[in-house]
Amino acid sequence: MKFFQKSHDGGPDSGVTGYWLIECKWLFSIVLLRFSKGSRDAFHSHAFNAWTFWLKGRVIEEYCYTFEQYVWQAFDLKFTPRHRFHRVIAQEVSWCISFRGPWVTIVTGK
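A brief look at the structure comes next. All of these numbers come straight from a predicted model, not from anything done at the bench.

### What about a nonpolar patch on the surface?
A cluster of nonpolar side chains, Met-1, Phe-3, Phe-4, Leu-21, Trp-26, Leu-27 and Phe-28, forms an exposed patch at the surface whose accessible area comes to about 830 Å². You can see Leu-21 is positioned in strand β2 (residues 16-24).

Set out below in structure tokens:
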């Protein structure tokens, strides 16, 4: 559980810095995100659904399997389902606030 913490979002190679107001993975998270220009180039999915409100800047979101692209900028609101395999490329330093749902983990076994 995190309260008022700062760290990389997406691992140390990510150009995204998270400023967590709260992270309670089994319940919800609220995080302010700063995307450096260019950001992380890796496609990825998430363990949570998220609503994102873009505050400043401009990013391009690309979907891996459909090759679709969307542009998001200040005052746009977007929903990202946890199964979406995507990447986000910041055209400039960009900020958003993300409201994340509970984490869903998949347990596999024999």
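### Considerations on the sheet that holds strand β5 (residues 58-63)
Reading across the sheet, the 3 strands line up as β6-β5-β8 and stay open at both edges, with antiparallel pairing between neighbours. The open sheet has two free edges, formed respectively by β6 (69-73) and β8 (86-90), since each of these has just one partner strand. Neighbour-to-neighbour, the strand axes of the sheet open up by a mean angle of 25°, direction not taken into account. Pairing of β5 with β6 involves 5 bridges; the strand directions are antiparallel. In the strand pairing of β6, Glu-62 is matched with Gln-69.

### Section: the layout of surface pockets
In this structure, the largest pocket spans a volume of roughly 360 Å³. Taken together, 22 residues form the lining of the largest pocket, with Asp-9, Phe-35, His-44, His-46 and Arg-100 sitting closest to its centre. Mapped onto the lining of the largest pocket, the elements with two or more residues apiece are β3 (28-35), β4 (50-56), β7 (77-80), β8 and β9 (94-100). Considering only residue class, the lining of the largest pocket consists of 8 nonpolar, 10 polar and 4 charged.

### Concerning the sheet that holds β9
The strand order β1-β2-β3-β9-β4-β7 describes an open sheet built from 6 strands, whose pairing is antiparallel. Each end of this open sheet is capped by a strand with a single partner; those strands are β1 (2-8) and β7. Taken over all neighbouring pairs, the strand axes of this sheet differ in orientation by 20° on average, direction set aside. The sheet contact formed by β4 and β7 spans 4 bridges and is antiparallel. Along β7, the bridge assignment pairs Thr-52 with Lys-78.

### A closer look at unusual backbone geometry
The phi torsion at Phe-4 lies on the positive side, around 50°, for a residue other than glycine. Secondary-structure assignment places Phe-4 in strand β1. Judged by its relative accessible area of 69%, Phe-4 falls in the exposed class. The backbone of Phe-75 shows a phi angle near 80°, a positive value even though the residue is not glycine. Within the secondary structure, Phe-75 sits in the loop between β6 and β7.

Reading the values: rules and limits
- Residues numbered from 1 in each chain as written.
- Predicted model: local features only at pLDDT ≥ 70, side-chain atom pairs only at ≥ 80, totals over all residues.
- Heavy atoms only, no water.
- Patch = residues over 30% accessible without salt bridge, like charges linked within 9 Å, V, L, I, M, F, W, Y side chains within 5 Å.
- Areas by Shrake-Rupley, 256 points an atom, 1.4 Å probe, with all protein chains shown as cover.
- Salt bridge = Lys/Arg side-chain N within 4 Å of Asp/Glu carboxyl O.
- Helix = DSSP H or I, 4+ residues; strand = E, 2+ residues; numbered from the N terminus.
- Pairing = 2+ DSSP bridges.
- Axes fitted to C-alpha atoms, helices over the stretch in contact; angles between N-to-C directions.
- 1 Å grid on protein atoms, 1.4 Å probe; cavity = no way out; pocket = protein on both sides within 12 Å on 5 of 7 lines; lining within 4 Å.
- Points joined across faces, edges and corners; volume = space filled by probe spheres on them.
- Nonpolar A, V, L, I, M, F, W, Y, C, P; charged D, E, K, R; others polar.
- Buried < 20%, exposed > 50% of the residue type's maximum accessible area, 1.4 Å probe, protein only.

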